[in-house]
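Next come the chains, spelled out residue by residue.
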Amino acid sequence: MNFDLEKFKVHGEPLIYGAMISIALVSIGIVVGLTVFKKWGWLWREWLTTVDHKRIGVMYILAALLMLFRGGIDALMMRLQTAAPEMKFLDAQHYNEVFTTHGLIMILFMAMPFIIGLMNVVVPLQIGARDVAFPRLNAVSFWLFFFGAMLLNISFVVGGSPDAGWSAYFPLASNQFSPTVGNNYYSLALQISGIGTLMTGVNFIVTILKMRAPGMKLMRMPMFTWSVLITNVIIVFAFPVLTVALALMMFDRLFGSQFFTMANGGMDMLWANLFWVWGHPEVYIVILPAFGIYSEIIATFSKKNLYGYTSMVASMLIISLLSFIVWAHHFYTMGQGVMVNGFFSISTMAIAVPTGVKIFNWLFTLRKGRISFTTPMLYSLAFIPIFTIGGVTGVMLAMASADYQYHNTMFLVAHFHYVLIPGAVFAVIAGFHYWFPKVFGFRLNERIGKHAFWWIIISFNVAFFPLFILGLMGMTRRMYTYSAETGFGPLNMISFAGALGLAIGFVILVYNIYWSTRYMPRDENGDPWDARTLEWATHSPIPEYNFAVVPKVKSRDAFWAMKHDKQPLFEEPITKIHMPSNTGKPFVLGVVFFFLGFFLVFSMWIPAIVAGVGVLIVLAAMSFERDHGFYIPADKVIKTEKKLGGGTV
Amino acid sequence: MNKKGPLYALFISLFLLLPGCSSITVLNPKGPAAKTLSDTIILSILTMLGVLAVVYILYIIMLVKYRAKKSNEGYIPPHEEGNIWLETTWIAIPIIIVAFLSVVTVKTTNAVENVPEGYKDQKPMVIYASSSNWKWHFSYPEEGIETVNYVNFPVNRPVEFRLYSFGPISSFWIPQLGGQKYAMSDMTTYLNLVSETQGDFLGRNTNFSGKGYAQMEFTARSMSAEEYDQWIKDVKATAPKLTEDKFKSLLATAHVGQETFSSTHLSFSPPPGEHSEHMDMDHSNMEMDNGNMEHQENKDIHPSPAPEKQSEFDSQPNPELNSPLPSSPAAEATHQSH
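Residues numbered from 1 in each chain as written. Chains lettered and ligands numbered in written order. Predicted model: local features only at pLDDT ≥ 70, side-chain atom pairs only at ≥ 80, totals over all residues. Heavy atoms only, no water.

Novice: I tried to follow the overall build of chain B on my own but got confused; where do I start?
Specialist: Tallying secondary structure elements over chain B gives seven helices and 11 strands in all. Across the 338 residues in chain B, those meeting the buried criterion constitute 54%. Contacts spanning at least 24 positions in sequence make up 70% of the contacts within chain B whose residues lie at least 6 apart. Here chain B has roughly 14,800 Å² of accessible surface; of this, 61% comes from carbon and sulfur atoms. (Helix = DSSP H or I, 4+ residues; strand = E, 2+ residues; numbered from the N terminus. Buried < 20%, exposed > 50% of the residue type's maximum accessible area, 1.4 Å probe, protein only. Contact = heavy atoms within 4.5 Å. Areas by Shrake-Rupley, 256 points an atom, 1.4 Å probe, with all protein chains shown as cover.)

Given below as structure tokens:
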């Protein structure tokens, strides 16, 4: 085999060399640290092999936070490069790679895993279950996501990042116009983590439908669980399209097929259609759970039940249906004529109706409440006015004719940041602050939290509002530079200042985690916020079996009913509890998939075949394994409950 | 308190919008299509400001009135399931707004997809605009000339741009004259523009197409009919012919400056077929032999930009060398009568 070291190298950029060195140093640091403190065994037993939904959730969130900083640095580099006309900070190629990975990472490796992480931690608790339906599959999902993300991340230093935009339109993304391996990484990294996401979808649908505590009818489920159920239905319908599209892309790039090429019957717009048939529902995959998170938080801190529960559920269902019939609004300008554009305009604008219903329901949840401004509540409240700006500009973009002027401009960039940051990012931060004491047994510091909040909220608007105006001035997205005569300079500079402010806000947020871990008082009871739903009915931190006794649900907001209406929740005596045993195979599967992906990226066929066989072997080993888990005896459960303060005994 | 962010944003927007729309290209139209779009945008902004106002007022009332304070310490908020009338209201009113905007959208989309109102009695002048990494080729079949990276046309004359690409998807946009449309390798799309002011307008590709994308701009100059005729005469008298070899070398070069030729590439490299039957416009002068059926064959003739050193054409025969132009030969006469 012709082994060519040259193709692994990425040349010429001091920034990339710097990244290489820092990656090497951090890796060495981690290995040395684990060895010195003799933590390898702990890491393996407690984390890498875990099937506990709470730990998997925590790992998802950790990975997402790391990716937030990776994607955030990309964002800062982009805003710096465009802060003034004719900047020389990045060259065109590097800029193209940076905005491509920024988009990919923020959507697929930050927002979505953060949400899946919260889902993992919270949903089984909210429905009174001991775990998800398929705990080992859950571990497989996580490790596939994780190694998919890592595969994309090493592209930066090994071989070159994808550079055709996160939507990777053909024929630009074909070998002819993107000859580096960057888009091979794209097809394989997304494929691997996408398979993981698809399995999460199946897992959570089954979990929510089959594992609810007795008495928890569908219409008694907490709103976050509802949003997660609907989201996972979207995942199960949307992700197969991505799987197929990425497979076709991989064939085109690695094996010379011609699905999307310019000649021999290839159709470039077929890729755009497939991509957005998945890609549009994808944005609702990150937005709908956010709606669920806000519903929980706003109700809790208004001390009221959620207003219009039924219409909230109905509007999410309608949004999920509509999300599948609006994809062509991403290319109104393809020339498909008035009829088609009209249909997609109307279906797109229709989404504003159920979304409006939700906004008003939240506003009326606040009415007659007693609103306390905690950090999670601040993010939830800031969401309403900012997201509404994103929403109304979405309606403006939905008008096909007007979109001929906005398409591909900064106006669009401003719109989707106004939707996705308040919609997804503020939500996961709010959820993070809200559920943090549940998982770790202590709250994050409120004062530092509010500092971070104000930095983030104000800087967000400074960073993104100018982009609306830049769009109307004619500045298009993905331009790595522009001339001074365009007049784009001043607003871009303001935007860059905002980006810096956002970065400071996120640093304060992380500092808060550090500070609170060291200094915040422990031993909260399980319910620090006087909350309403079941996850607060168990101890903090949560014992591995979640609930010593499975709760009996008699109404919505079951925990609130127990506390304030004196409805008993735990009636049965404690018995032995069945638990799944840990397994290292999902982790190994992730590693093997990583190597399979890596070798395919570089068309190294023999190692790829070996890795492919490895995948099959691990899968076979998992399929034929006989492991029925184990029981925690009743007396041990009672002992643990006593130690934790015994709320349920 | 949390209103600060958006209020600040609104403040910036008013501050920047009020001093005049002249720096805001999209709201400074120079032709009927852009004017329609500008009016649509302003209408939608006003409608949406109305929606925002309602949400913001309610929001402020809720936060000020119902916040936790010392005076309502022991207050226990009521349990409320919802209210059928209130919920119906905030379903019905948005439906009315969306219906209104839908009508506006369909009407205005129809308006800008066709020859603008007031110019329907004129036969549009055809200009083929094709993109290749990273430049724009403008072919004038009626005049038999071709330019690169600039396009001239007479003022107050409808121009039908026919768009396609020799490479990645690009999007053809002259914001002051109208909205954009994609130029793709496997179909031709159409854009009708009219300029009502003489002058230079910036046009560019807005769809990311690789390294040189940021520089992929061109000048669109709208000139008086006399000036335009003079320009055509000059081009025909002085500019060289566009040979196939020259065209190949143009495609193979990433960037070029402005160039002018006294013949077009359409004879040896015809555009791809028409878009599918969705196109409801009248293109009767676009002949059948360019229709969908030959779409695939066309793509083979239709060259892709040469990779690095060698052009892809080198090994390919030229099946339709010197075949007739795809538009009607009478076109030139029409122009003279104008």
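Novice: What's the story with the pattern of salt bridges in this structure? I'm lost.
Specialist: When their charged atoms lie close together, side chains carrying opposite charge are able to pair. Applying the stated criterion across every chain, the model contains 24 salt bridges over all chains. Across the pair Glu-80 of chain B and Lys-368 of chain A runs a salt bridge whose closest N-O atoms are separated by 3.9 Å. Here Glu-80 of chain B is found in the loop between α2 (32-65) and α3 (84-113), whereas its partner Lys-368 of chain A is found in the loop between α11 (352-366) and α12 (375-398) on a different chain. A relative accessible area of 12% places Glu-80 of chain B in the buried class. The partner of Lys-246 of chain B in a salt bridge is Glu-259 of chain B, with the nearest N and O atoms 3.8 Å apart. (Salt bridge = Lys/Arg side-chain N within 4 Å of Asp/Glu carboxyl O.)

Novice: Where do I start with the domain arrangement of chain B in this structure?
Specialist: For interface size, the figure often reported is the accessible area lost on association. Residues and elements named next belong to chain B. Structurally, chain B comprises domain 1 (24-62 + 87-113) and domain 2 (125-261). A straight line from the C-alpha centre of domain 1 to that of domain 2 covers 33 Å. At the junction of the two partners, domain 1 supplies 12 residues and domain 2 supplies 13 residues. Taken over both partners, the interface formed by domain 1 and domain 2 buries close to 960 Å², and the fraction arising from carbon and sulfur atoms is 54%. For Glu-113, the salt bridge is made with Lys-181, and the minimal N-O distance between the two is 2.6 Å. Across the domain 1-domain 2 interface, the total number found is six residue pairs in polar contact (both at pLDDT 80 or more). Residue assignment for the side of domain 1 that touches domain 2 shows that the elements contributing at least two residues are α2 and α3. The element best represented in the side of domain 1 that touches domain 2 is α2, accounting for four residues. Along the lines of polarity and charge, the residues of the side of domain 1 that touches domain 2 split into seven nonpolar, three polar and two charged. (Domains from an automatic or database assignment. Buried area = accessible area lost by both parts, 1.4 Å probe. Polar contact = N/O pair within 3.5 Å; in protein donor to acceptor, adjacent residues only side chain to side chain. Nonpolar A, V, L, I, M, F, W, Y, C, P; charged D, E, K, R; others polar.)

Novice: I keep staring at the interface of chain A and chain B and nothing clicks. Help me out?
Specialist: Facing the 103 residues of chain A at the interface are 98 residues of chain B. The largest per-residue losses of area from chain A upon contact with chain B belong to Arg-370, Tyr-404 and Gln-405 of chain A, which jointly make up 9% of the total buried on that side. Linking chain A with chain B are four salt bridges, by the criterion used here. For Glu-81 of chain B, the salt bridge goes to Arg-556 of chain A, with nearest N and O atoms at 3.0 Å. Across the contact surface, chain A and chain B share 34 residue pairs in polar contact (both at pLDDT 80 or more). Those elements that provide at least two residues to the side of chain A that touches chain B are α4 (92-126), α8 (268-302), α9 (309-322), α10 (337-350), α11, α12, α13 (400-406) and α15 (446-472) of chain A. It is α12 of chain A that contributes the most residues to the side of chain A that touches chain B, 11 residues altogether. Broken down by class, the residue content of the side of chain A that touches chain B amounts to 58 nonpolar, 34 polar and 11 charged.

Novice: How should I be thinking about unusual backbone geometry in this particular structure?
Specialist: What is expected of a backbone is that most residues other than glycine have negative phi and most peptide bonds are trans. Omega for the bond connecting Phe-170 of chain A with Pro-171 of chain A falls within 30 degrees of zero, at 0 degrees, which places this linkage in the cis form. Relative to the helices and strands, Pro-171 of chain A is located in the loop between α5 (135-154) and α6 (182-210). A cis geometry characterises the amide bond from Asn-133 of chain B onward to Trp-134 of chain B, with omega recorded as -15 degrees. Note on placement: Trp-134 of chain B falls in the loop between β1 (125-132) and β2 (135-140). If you check the backbone angles, Lys-566 of chain A has positive phi at about 55 degrees while not being a glycine. Given a relative accessible area of 65%, Lys-566 of chain A falls into the exposed group. You will see that Asn-149 of chain B, though not glycine, has its phi angle at about 65 degrees, which is positive. Tracing the backbone shows Asn-149 of chain B in the loop between β3 (145-148) and β4 (150-154).

Novice: Would you explain the packing of aromatic side chains in this entry?
Specialist: Residues and elements named next belong to chain A. This model, assessed by the stated rule, comprises 87 aromatic pairs over all chains. Where Phe-426 meets Phe-460, the ring centres are 5.8 Å apart and the plane angle is 70 degrees; that geometry is what we call edge-to-face. Of the two residues, Phe-426 is situated in helix α14 (residues 410-440) and Phe-460 in helix α15; the sequence distance between them amounts to 34 residues. The buried category is assigned to Phe-460, whose relative accessible area is 0%. On the basis of an interplanar angle of 40 degrees and a centroid distance of 6.2 Å, the ring pair of Tyr-511 and Tyr-514 is categorised as tilted. (Phe/Tyr/Trp six-rings, centres within 6.5 Å; stacked < 30°, edge-to-face > 60°.)

Novice: Explain the UniProt feature "domain: Cytochrome oxidase subunit II copper A binding" (unreviewed entry) in chain B to me, please; I cannot follow it from the model alone.
Specialist: Here the UniProt feature "domain: Cytochrome oxidase subunit II copper A binding" (unreviewed entry) sits at residues 122-234 of chain B. Measuring from the first to the last C-alpha atom of residues 122-234 of chain B gives 25 Å, for a span that is 9% helix and 50% strand. (UniProt positions renumbered as here; feature names shortened; annotations may be inferred.)

Novice: Would you take a moment to explain the layout of surface pockets for this structure?
Specialist: Where empty space is left in the structure can be found by rolling a water-sized probe over the atoms. All names here are of chain A. The volume enclosed by the second largest pocket comes to roughly 1,700 Å³. In terms of lining residues, the second largest pocket is bounded by 38 residues, among which Val-26, Ile-30, Leu-66, Phe-146 and Met-150 are the most central. A class-by-class count of the residues in the lining of the second largest pocket yields 33 nonpolar, three polar and two charged. (1 Å grid on protein atoms, 1.4 Å probe; cavity = no way out; pocket = protein on both sides within 12 Å on 5 of 7 lines; lining within 4 Å. Points joined across faces, edges and corners; volume = space filled by probe spheres on them.)

Novice: Sorry if this is basic, but what is going on with the side chain of Thr-207 of chain A here?
Specialist: Residues and elements named next belong to chain A. Looking at the secondary structure, you find Thr-207 in helix α6. By relative accessible area, Thr-207 is classed as buried at 0%. Setting aside residues up to four positions removed in sequence, Thr-207 forms contacts with Ile-127, Asp-131, Val-132, Ala-133 and Arg-212.

Novice: Which parts of the structure should I look at to understand the sheet that holds strand β5 (residues 159-165) of chain B?
Specialist: What holds strands together in a sheet is hydrogen bonding between their backbones, with the strands either parallel or antiparallel. All names here are of chain B. Spatial ordering of the open sheet is given by β8-β5-β1-β2-β3-β11, a layout of six strands whose pairing is mixed. Each edge of the open sheet is held by one strand with a lone partner, namely β8 (189-193) and β11 (259-261). Across the sheet, the mean angle separating the axes of adjacent strands is 20 degrees when strand polarity is ignored. Relative to β2, helix α5 (residues 244-252) is tilted by about 150 degrees, and along the sheet it contacts β1, β2, β3 and β11. (Pairing = 2+ DSSP bridges. Axes fitted to C-alpha atoms, helices over the stretch in contact; angles between N-to-C directions.)

Novice: Just to check I follow, could you spell out the sheet that holds strand β7 (residues 181-183) of chain B for this structure?
Specialist: Residue and element names in this part refer to chain B. Strand order in this open sheet of five strands is β4-β10-β9-β6-β7, and the pairing throughout is mixed. Two strands bound the open sheet, and with one partner strand each, they are β4 and β7. Across the sheet, the mean angle separating the axes of adjacent strands is 30 degrees when strand polarity is ignored. Where strand β6 (residues 170-173) and strand β9 (residues 199-205) come together, two bridges link them in antiparallel fashion. Residue pairing across strands places Phe-172 opposite Asn-205, the latter belonging to β9. Against the sheet, helix α4 (residues 225-238) touches β4 and β10 (217-223), its axis set at about 130 degrees to β4.

Novice: What's the story with empty space enclosed by the protein in this structure? I'm lost.
Specialist: Residues and elements named next belong to chain A. Taken as a whole, this structure holds six cavities of 30 Å³ or more when the rule is applied. By volume, the largest cavity is sized at about 80 Å³. Lining the largest cavity are 15 residues, with Leu-108, Met-112, Phe-145, Ser-193 and Thr-197 positioned closest to its centre. For the lining of the largest cavity, the secondary-structure elements that each account for two or more residues are α4, α5, α6 and α7 (223-255). A breakdown of the residues in the lining of the largest cavity according to their chemical character gives 10 nonpolar, five polar and no charged.

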